[in-house]
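Coordinate inspection notes
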Amino acid sequence: MLINATLPLVVAVFVTTALLALAWERVPLFQVANARSFHVGAIRTSGGISFVIPLAAALLWWFFQGAADALPLALAFLALALLGLIDDLRELSSVLRLSLHFVVVALLLRLTAAAPVIAHSEFATTALWICACVGLVWYLNLYNFMDGIDGIASLQAVGYALGCAFYVVGDGGWRIDALWALAAAGTAFLAFNWAPARMFMGDVGSGALGLLTGWFALALAHDGAVPFVVSLILLGSFWFDATYTLCVRMITGQRFFEGHRSHLYQRLAERLGHGRTSALYAGFMLLWLMPLAFWAGHSAEPVVAVAICGLACTPLLLGCVLLRAGRP
């Protein structure tokens, strides 16, 4: 639970995010509709800078309080945000962007206690470190893919942060306090991003949020505070939809690296609209994913935890099949 010493900082993150978002409404930076857009005309973009700044400042504050991992995380967070801002202003090549993602993620995992470690097995530890790098790069990219309708990316960050903060066992340290700050920032931004959105977070926000939530999933599991299966279930709406859709597009011979509107959440938005689809995802998180995540996390048998994870993803699989996610 949120401790009194952290409450002022969390409130400060919330207020600063709201004030910066208000200020950003005066910035003439707009996104025009493209192949994967669900909006018409131009909408103000790169609003994610309004929560990137206070969250980075909070991470630096925790570093000066003695949290060594907070500094490399803050720097990586800012690097991804800057890269996203450049991409918002002038689209980068996919090869350059992906290469820089791998550099940032590899350095971050080398400098922090987050990647899995196997005692007395250097080969296994190295293999897991490589898997963690690839997985985190994929996750921060898919977070951008999933940021296609009003409110959905902000809701995922808030839901994940609160789910982990309420689940944590033992002393999660500054990382749990940081999750409360993340939830505060995401909630403040939702006021501007909920349908009909007044602004989008842009790549400056989605890539940074993907890095932050993905790193927390690894670090909290490394600390034993939140089992990885809990994070996997809480983040299921994003990674399952994006991974399933990509696989279908590859198997069916489509140009999978181009923009499209065939994700499950996009197919739902075509039928329900932005607000109802995001609300549906929020309800799915609260009523389905969170209870199953808590059940899996407290299961003593790994096989049972994996089975629960599969159960959690079953509605997503059915939705993808019924609505033909990934198919033209």
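This report concerns the structure included in the present document. Computed from a prediction, not measured in an experiment: that's the story for all the values here.

1. Let's talk about the overall build of the protein chain
From N to C terminus, the protein chain includes 13 helices and two strands. Relative to the compact-globule value of 20 Å for 328 residues, the protein chain shows a C-alpha radius of gyration of 19 Å, a close match. With the principal axes as the frame, the protein chain shows a C-alpha extent of 55 × 45 × 40 Å. In the protein chain, buried positions account for 53% of the 328 residues. Within the protein chain, contacts between residues at least 6 apart in sequence are counted, and of these 74% link residues at least 24 apart. As displayed, the protein chain offers around 14700 Å² of accessible surface, 70% of which is attributable to carbon and sulfur atoms. In the protein chain, 16 positive and 16 negative side-chain charges are present, and the distance between their average locations comes to 12 Å.

2. Describing the side chain of Thr245
Inspection of the secondary structure assignment puts Thr245 in helix α10 (residues 236–251). Every residue in contact with Thr245, bar those within four places of it in the chain, is listed here: His260, Ser262, His263, Leu264, Ala325 and Gly326.

3. Quick word on the packing of helix α1 (residues 7–24) against helix α7 (residues 174–193)
The geometry of α1 relative to α7 is characterised by a closest axis approach of 8 Å and an angle of 30 degrees between their N-to-C directions. As judged from the angle between their axes, α1 and α7 are roughly parallel. Remark: the crossing between α1 and α7 carries right-handed chirality. Contacts between α1 and α7 involve Val10, Val13, Phe14, Thr17, Ala18, Ala21 and Leu22 from the former and Asp177, Trp180, Ala181, Ala184, Ala185, Thr187, Ala188, Phe189 and Phe192 from the latter.

4. Points about the nonpolar core
Counting residues in each nonpolar core, the largest one holds 103 residues, and the members touching the most others are Trp62 and Leu109. Among the elements that line this core, the one with the most residues is α7, at twelve residues. Beyond its immediate chain neighbours, meaning those up to four positions away, Trp62 contacts Thr6, Leu9, Ala67, Ala70, Trp174, Asp177, Ala178 and Ala181.

5. Quick look at the pattern of salt bridges
One pass over the full model with this rule turns up six salt bridges. One salt bridge in this structure joins Arg97 and Asp87, with 3.3 Å as the shortest N-O distance. With Arg97 in helix α4 (residues 94–111) and Asp87 in helix α3 (residues 70–89), the pair connects residues that are ten residues apart, well separated along the chain. For Asp87, a relative accessible area of 9% gives the class buried. When the shortest N-O distance is used, the salt bridge between Arg175 and Asp223 registers 2.4 Å.

6. Some words on the packing of aromatic side chains
Counted by the stated rule, this structure contains 13 aromatic pairs. Relative to Tyr244, the ring of Phe240 has its centre 6.1 Å away and its plane inclined at 20 degrees; by these criteria the two rings are stacked. Of this pair, Phe240 and Tyr244 both sit in helix α10, four residues apart, which is roughly one turn of that helix. Feature note: the residues Trp61, Trp62, Trp174, Trp215 and Phe216 constitute an aromatic cluster, connected by ring pairs. Over the face of the ring belonging to Trp129 we find Arg110, whose NZ or CZ atom lies 4.2 Å from the ring centre.

7. Some points on α3
A rise of 1.5 Å per residue sets the reference length of α3, with its 20 residues, at 28 Å; its end C-alpha atoms lie 28 Å apart and thus fit the reference within 8%. Listed as buried for α3 are Ala70, Pro72, Leu73, Ala74, Ala76, Phe77, Leu80, Ala81, Leu83, Gly84 and Asp87. Contact partners of the buried residues in α3: α2 (49–64), α4, α5 (122–146), α7 and α8 (202–223).

8. Considering empty space enclosed by the protein
Scanning all chains against the criterion turns up three cavities of 30 Å³ or more. Approximately 100 Å³ is the volume found for the largest cavity. Considering the residues around the largest cavity, the lining is formed by Leu80, Leu83, Gly84, Asp87, Arg97, His101, Leu140, Asn141, Asn144, Asp203, Ser206 and Gly207. For the lining of the largest cavity, the per-class residue count stands at three nonpolar, six polar and three charged.

9. Quick word on the environment of Ala161
The topology assignment puts Ala161 in helix α6 (residues 152–167). The buried category is assigned to Ala161, whose relative accessible area is 0%. Each C-alpha atom, one on Ala161 and one on Glu25, is 26 Å from the other, the two residues being 136 residues apart in sequence. Here Ala161 is in contact with Leu179, Leu182 and Ala183, once residues within four sequence places are set aside.

Rules and cut-offs
Residues numbered from 1 in each chain as written. Predicted model: local features only at pLDDT ≥ 70, side-chain atom pairs only at ≥ 80, totals over all residues. Heavy atoms only, no water. Helix = DSSP H or I, 4+ residues; strand = E, 2+ residues; numbered from the N terminus. Rg over C-alpha atoms; globule rule 2.2 N^0.38 Å. Buried < 20%, exposed > 50% of the residue type's maximum accessible area, 1.4 Å probe, protein only. Contact = heavy atoms within 4.5 Å. Areas by Shrake-Rupley, 256 points an atom, 1.4 Å probe, with all protein chains shown as cover. Lys, Arg positive; Asp, Glu negative; His and termini not counted. Charge placed at Lys NZ, Arg CZ, Asp CG, Glu CD. Axes fitted to C-alpha atoms, helices over the stretch in contact; angles between N-to-C directions. Parallel < 35°, antiparallel > 145°, perpendicular 65-115°, else oblique. Left-handed = near helix turned anticlockwise from the far one by under 90°. Core = buried A, V, L, I, M, F, W, Y, C linked by side-chain atoms within 4.5 Å. Salt bridge = Lys/Arg side-chain N within 4 Å of Asp/Glu carboxyl O. Phe/Tyr/Trp six-rings, centres within 6.5 Å; stacked < 30°, edge-to-face > 60°. Lys NZ or Arg CZ within 6 Å of the ring centre and 35° of its normal. Expected span 1.5 Å × (residues − 1). 1 Å grid on protein atoms, 1.4 Å probe; cavity = no way out; pocket = protein on both sides within 12 Å on 5 of 7 lines; lining within 4 Å. Points joined across faces, edges and corners; volume = space filled by probe spheres on them. Nonpolar A, V, L, I, M, F, W, Y, C, P; charged D, E, K, R; others polar.

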